[in-house]
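# Inside the fold
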Amino acid sequence: MSKTDVLIIGAGPAGIFTALELLRRGSRKSITIVEKGRPVEKRSCPKAKTKKCMNCKPYCNITTGFSGAGAFSDGKLSLSYEVGGDLPSLIGEDFAQEMIQYTDQIYLEFGADTKVEGVGKEKEVKDIRKRAIQAGLKLVDCPIRHLGTEKAQEIYYRIEQYLLEKGVEILFGCHCRDLIVENDVCKGAVLEDSAKHTNEQVIYADHVIVATGRKGADWLEKLCEQHDIAHVPGTVDIGVRVEVRNEIMEDVNNILYESKLIGYPLPFKNKVRTFCQNPGGFVSQENYDNDLAVVNGHSYKDLKSQNTNLAILCSHNFTYPFNQPIAYAQKVGELTNMLGDGKILVQRYGDILGGKRTWQKELSQSNVRPSLPDAVAGDITAAMPYRAMTNIINFIQAVDHVVPGFAANETLLYSPELKFYSNRIKMTPDLVTNIRGLYCLGDSSGWTRGLMMASVMGVLMGRKLSENEKA
Ligand SMILES: Cc1cc2nc3c(=O)[nH]c(=O)nc-3n(C[C@H](O)[C@H](O)[C@H](O)COP(=O)(O)OP(=O)(O)OC[C@H]3O[C@@H](n4cnc5c(N)ncnc54)[C@H](O)[C@@H]3O)c2cc1C
């Protein structure tokens, strides 16, 4: 049994920026970070050698370890409050923008590229917007600072070393199993070895910060029920990852780097949007601890493919009596995995419209070759809910007006592309929950969906705790 002032669970951007800001503000509090995975320099994915996902146990190194899902992510920092989650609706849009600028400065101090994509081409952007309007889509302006997967690891390594040098204790390979909550006050957490589930230890703390990311969402859902942490069921996004040749996306890639398009296609009028565009990038597989294989995408700063990939996501909000959005999306994912024998499914857009599955040999007949070689050709429509599939088809038709060729027969659609943002933790603008001493940050809180917004929430947390110290 031990005691610390601030206990941070999860060393993703939200957790580490909490610690960083506390230090930057001269805090004298003792800080302990608990992280299930390894230090950033020890994280490695065997797929680089094996060429296929090995479904690593006890956790996936792509999403677990210091810097969280950020280290191996594409490292695109979205510099607009309109992108990255709903935190601005909690803290105010202007303040959120101010915080993005402040947090961006920290990334620059730790070595981020000074170049910002998507600015200085106003006339070309106007033309793209005009086509978007004609197609019934909204184009969101979002300057992007692209760290690149390999550079992101270097930046987070410098941050890790900085935290260690300043005396932050980081417990790697350590999993938080439970929180200690008594009479609506959080007093600490129960930890164990993340691989063997042994060596149980209890750490008491004045402030417990849960920043366990998207992967921790269903763990947190159980804790919310168990400890009466006030929350509302959140949104889940179900969609596909689309891959086309770079030539098709050339204009938007060069002008915007990432085209953030939002539409509400008929007949359902649900929100459908593009997300995480990777010019010259690679489609990737991500494995959840419960063996669910989902598709994602990333791009390197130097190594480029001939393709561009991006996600098309449909937001699902459920109403009474259903309140298990995570379970719903998981079932969709499991069914898709079952059809793909545990692998990611890929299908050509033309085959979807033509009502047939795609065969492996047909993939080699196209200009676009899958950048995820172990994806299995098949029929994603056999597992995709009708509503989501209709939304995706109609949205792709609309995007084709902005990006001619996007709705080509050979365009590849990978599935399942799922984003779990469930369980939005109820909190005040200064991040106070109904449980005294307990805070929830970043993607696990349901308020953020990206590196920058998760980092911003961490900075806010650090500020709040350091202000308490001065008071
Ligand atoms: C492949 C990929 C590409 C992406 N690309 C981008 C991008 O280009 N731009 C962008 O803005 N966003 C991107 N994202 C999303 C981005 O990485 C996340 O939004 C961001 O990392 C969220 O930060 P976080 O701190 O909330 O959580 P995370 O980064 O997920 O960190 C949570 C940490 O908590 C740890 N943890 C979880 N449960 C426990 C537990 N019980 N005990 C101890 N530790 C625990 C995990 O191991 C993890 O390290 C990408 C994500 C992926 C997977």
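Here, the structure is the one placed above.
Predicted model, so just to flag it, every value in this text is computed and none were measured.

## Regarding the site of the ligand
If you check the shell around the ligand, you find 36 residues, and the closest are Glu35, Ala69, Cys176, Asp443 and Leu451. Contacts to the ligand include Lys36, whose backbone N or O atom sits 3.2 Å from a nitrogen atom. Residue assignment for the shell around the ligand shows that the elements contributing at least two residues are α1 (13-24), β2 (31-35), β7 (174-182), β15 (293-298) and α13 (451-470). Grouping the amino acids of the shell around the ligand by side-chain chemistry returns 12 nonpolar, 16 polar and eight charged. Viewed by domain, the shell around the ligand spans two of them, domain 1 (2-112 + 148-232 + 424-470) and domain 2 (122-143 + 235-420), each represented by three or more residues.

## Some details on the pairing of strand β1 (residues 2-9)
Note that β1 and strand β9 (residues 201-210) share seven bridges and pair parallel. Residue Ser2 lies in a different strand from β9, and its bridge partner there is Ile203. As defined by bridge partners, β1 adjoins β2 across four bridges and the pair is classed as parallel. Residue pairing in the sheet places Val6 in a bridge with Ile31 of β2. Once the chain exits β1 it traverses α1 before rejoining the sheet at β2, and the crossover so formed is right-handed.

## A short note on the packing of helix α5 (residues 122-134) against helix α8 (residues 246-256)
Where α5 meets α8, the closest approach of the two axes is 10 Å, and the angle between their N-to-C directions is 135°. With respect to their mutual orientation, α5 and α8 come out oblique. Where α5 crosses over α8, the two elements pack in a sense that is left-handed. Facing α5, whose interface residues are Glu124, Val125 and Ile128, α8 presents Val252, Ile255 and Leu256. By residue class, the composition of the contact of α5 with α8 is five nonpolar, no polar and one charged.

Criteria and cut-off values
- Residues numbered from 1 in each chain as written.
- Predicted model: local features only at pLDDT ≥ 70, side-chain atom pairs only at ≥ 80, totals over all residues.
- Heavy atoms only, no water.
- Near = heavy atom within 4 Å.
- Polar contact = N/O pair within 3.5 Å; in protein donor to acceptor, adjacent residues only side chain to side chain.
- Helix = DSSP H or I, 4+ residues; strand = E, 2+ residues; numbered from the N terminus.
- Nonpolar A, V, L, I, M, F, W, Y, C, P; charged D, E, K, R; others polar.
- Domains from an automatic or database assignment.
- Pairing = 2+ DSSP bridges.
- Right-handed = clockwise from strand over helix to strand, strands pointing away.
- Axes fitted to C-alpha atoms, helices over the stretch in contact; angles between N-to-C directions.
- Parallel < 35°, antiparallel > 145°, perpendicular 65-115°, else oblique.
- Left-handed = near helix turned anticlockwise from the far one by under 90°.
- Contact = heavy atoms within 4.5 Å.

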